[in-house]
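# Close look at the chain arrangement
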Amino acid sequence: MAKKKKRVSSSAEEAQQSEVTNNESPETIPHQKKNKKQKKKSNEDDNTSNKETTKEVAIATVSIAIPGSIIDNAQSLELATRLAGQLARAATIFRIDEVVVFDNKSSSYDVSAVDTSDEEESGAAFLMRILQYLETPQYLRKALFPKHNNLRFVGMLPPLDAPHHLRKHEWGPYREGVILKEKPSKSKGSLVDVGLAKSIVVDQELESGVRVTVAMGTNRSLDSDVPRQVVSSSKPREEAGMYWGYKVRYAPNISSVFEGCPHKGGYDHLIGTSEHGLVIKSSELIIPTFRHLLIAFGGLAGLEECVEEDNNLKGKTARDVFDAYLNVCPHQGSRTIRTEEAIFISLQYFQEAINRALA
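Below or above, wherever it landed, is the structure these notes cover. (Residues numbered from 1 in each chain as written. Predicted model: local features only at pLDDT ≥ 70, side-chain atom pairs only at ≥ 80, totals over all residues. Heavy atoms only, no water.)

### Overview of the overall build of the protein chain
Within the protein chain, the secondary structure is distributed over 10 helices and 11 strands. Across the 359 residues of the protein chain, 42% fall into the buried class. Accessible area for the protein chain stands at about 20600 Å²; split by element, carbon and sulfur atoms hold 50% of it. (Helix = DSSP H or I, 4+ residues; strand = E, 2+ residues; numbered from the N terminus. Buried < 20%, exposed > 50% of the residue type's maximum accessible area, 1.4 Å probe, protein only. Areas by Shrake-Rupley, 256 points an atom, 1.4 Å probe, with all protein chains shown as cover.)

### Let's talk about the sheet that holds strand β3 (residues 174-179)
Strand order in the open sheet made by the five strands is β5-β4-β3-β6-β7, with antiparallel pairing throughout. Both outer strands of the open sheet, β5 (200-202) and β7 (229-231), are each paired with one neighbouring strand and no more. Going from strand to strand, the sheet's axes swing by 55° on average, the running direction of each strand aside. Bridge analysis of β3 against strand β6 (residues 211-215) gives five bridges, and the strand direction is antiparallel. Bridging from a neighbouring strand, Y174 pairs with A215 of β6. (Pairing = 2+ DSSP bridges. Axes fitted to C-alpha atoms, helices over the stretch in contact; angles between N-to-C directions.)

### Description of the packing of helix α3 (residues 77-93) against helix α10 (residues 339-358)
Across the interface, α3 lies against α10 with an axial gap of 9 Å and an inter-helix angle of 10°. Judged by the inter-axis angle, α3 sits roughly parallel to α10. Across the interface between the two elements, L83, Q86, L87, R89, A90 and I93 of α3 pack against E340, I343, F344 and L347 of α10. (Parallel < 35°, antiparallel > 145°, perpendicular 65-115°, else oblique. Contact = heavy atoms within 4.5 Å.)

### Topic: the pairing of β6
Judged by how many residues are buried, β6 sits mostly within the fold: four of five residues are covered. Bridging between β6 and β7 involves three bridges; their strand directions are antiparallel. Looking at the pairing, V214 lines up with V230 of β7.

### What about α10?
Counted at 1.5 Å a residue, the expected span for α10 with its 20 residues is 28 Å, and the 27 Å between its end C-alpha atoms agrees. Of all the bends in α10, the largest measures some 40° and sits at Q351. Within α10, the full set of buried residues consists of T339, E340, A342, I343, S346, L347, Y349, F350, A353, I354 and A357. Each element contacted by the buried residues of α10 is listed here: β1 (61-67), α3, β9 (269-278), β10 (292-296) and β11 (324-326). (Expected span 1.5 Å × (residues − 1). Bend = angle between axes of the 7 residues up to and from the residue.)

### Considerations on the pairing of β1
In terms of burial, β1 is largely enclosed, as seven of its seven residues are buried. What you see with β1 is no split at all: T61, S63, A65 and P67 on one side and V62, I64 and I66 on the other are buried throughout. In this structure, β1 lies alongside β10, joined through five bridges in parallel fashion. What sits directly across from T61, in β10, is H292. In this sheet, strand β2 (residues 98-102) lies alongside β1 in parallel orientation, the contact comprising five bridges. Paired with S63 across the strands is E98, a residue of β2. Between the parallel pair β1 and β2, the chain is carried across by α3, and the sense of this crossover is right-handed. (Right-handed = clockwise from strand over helix to strand, strands pointing away.)

### Some remarks on the packing of aromatic side chains
For any pair of aromatic rings, the description rests on two quantities: the centre-to-centre distance and the angle between the ring planes. Applying the stated criterion across every chain, the model contains six aromatic pairs. Ring centres of F258 and F322 lie 5.8 Å apart, and the angle between their planes is 90°; on these two criteria the pair is classed as edge-to-face. Here the residue F258 occupies a position in helix α7 (residues 254-259), and F322 occupies one in the loop between α9 (318-321) and β11, the gap between them amounting to 64 residues. A single burial state applies to F258 and to F322, both of which are buried. Among the aromatic residues, those joined into a ring-pair cluster are F258, F322 and Y325. (Phe/Tyr/Trp six-rings, centres within 6.5 Å; stacked < 30°, edge-to-face > 60°.)

### Describing the nonpolar core
Counting residues in hydrophobic clusters, the biggest one holds 53 residues, and the most contacted among them are V99, L131, Y246, I287, I295 and F350. Looking at this core, the elements that each hand over two or more residues are β1, α3, β2, α4 (123-135), β8 (247-251), β10, β11 and α10. Sequence-distant contacts of Y246, that is, excluding residues within four places in its chain, are made with A88, A91, T92, I96, D97, E98, V99, L131, L134, E135 and L160. (Core = buried A, V, L, I, M, F, W, Y, C linked by side-chain atoms within 4.5 Å.)

### Re the environment of D103
Relative to the elements of secondary structure, D103 occurs in the loop between β2 and α4. Under the relative-accessibility criterion, D103 is labelled buried at 15%. Taking C-alpha positions, D103 is 8.4 Å from C306, a pair spaced 203 residues apart along the chain. Those residues within four positions of D103 in sequence are excluded, and the remaining contacts are A124, Y250, A251, P252, N253 and I254. Among the polar contacts made by the side chain of D103, one reaches the side chain of Y250 at a distance of 2.6 Å. (Polar contact = N/O pair within 3.5 Å; in protein donor to acceptor, adjacent residues only side chain to side chain.)

In structure tokens form, the structure reads like this:
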């Protein structure tokens, strides 16, 4: 608000200056033009400074793409749930920002991400359900996830224990919450359950059942009538450097993984992993400076099959599609490395190179 006032004040001053200039004699006009040039240059410097500040605030992201078909190989619902739990743990441990679950469909078309019925669902839909459930703080799950047959075994999974999974007695600068149907009695806005002893009030009127990120402020009193503020889910990381969980997205095929990137300009560096990839020591791997990095993993037949079955990538090989195509575990003792194993191995392998790229 202060900046807007400043711009209004500046505009008023310019209007006054324009009136003075129009009333001045011709001899004084060159001096006025010089001042305007200096002022314009000053404004350009300010704009450059603002752009630099915005650039500094922007956070680089790391996404992973996983085939939903890996769930189809699980011999029971319990084992499938455990597998999905391992993937969620890996994504959280290595601070992954986005998990893209993709199918091997030949064409790109919109498919419902998660089916709410108790009927048998695809491997991709099942994996997305478990990933989203585990990423959600425990105190919000009952409100956000209806009972479903495929959630029967999630209680046996180890918790992610991510920074946004706060306990009831813990206080943090931000908390995840869900908008309640009840309305505040003394003020406008919405009531939000953020997992504390009492619900809090936020300054916006929002639809019930919606998950939000709330800036808690410095006042720890839950009886305070001062409303808290709903902020972007990226705010905790931008402002406090806190990892705030991962987003889950569905893609019908591998090309849709790239095309559906939620970031402006798309992913600027694509890495594919395969036993047929190039072997480079992690200490020698160079990842260029990036804004949005994507690391893709294949299923039983690898990324090669994913590329071959995608009509949008006809005539291309996996090496053509990715900027780097790497074998992160050469000289393996087993004929195959399971995807859930490959993800832990690969994300550790890439850590040093990612840190160097962001340094």
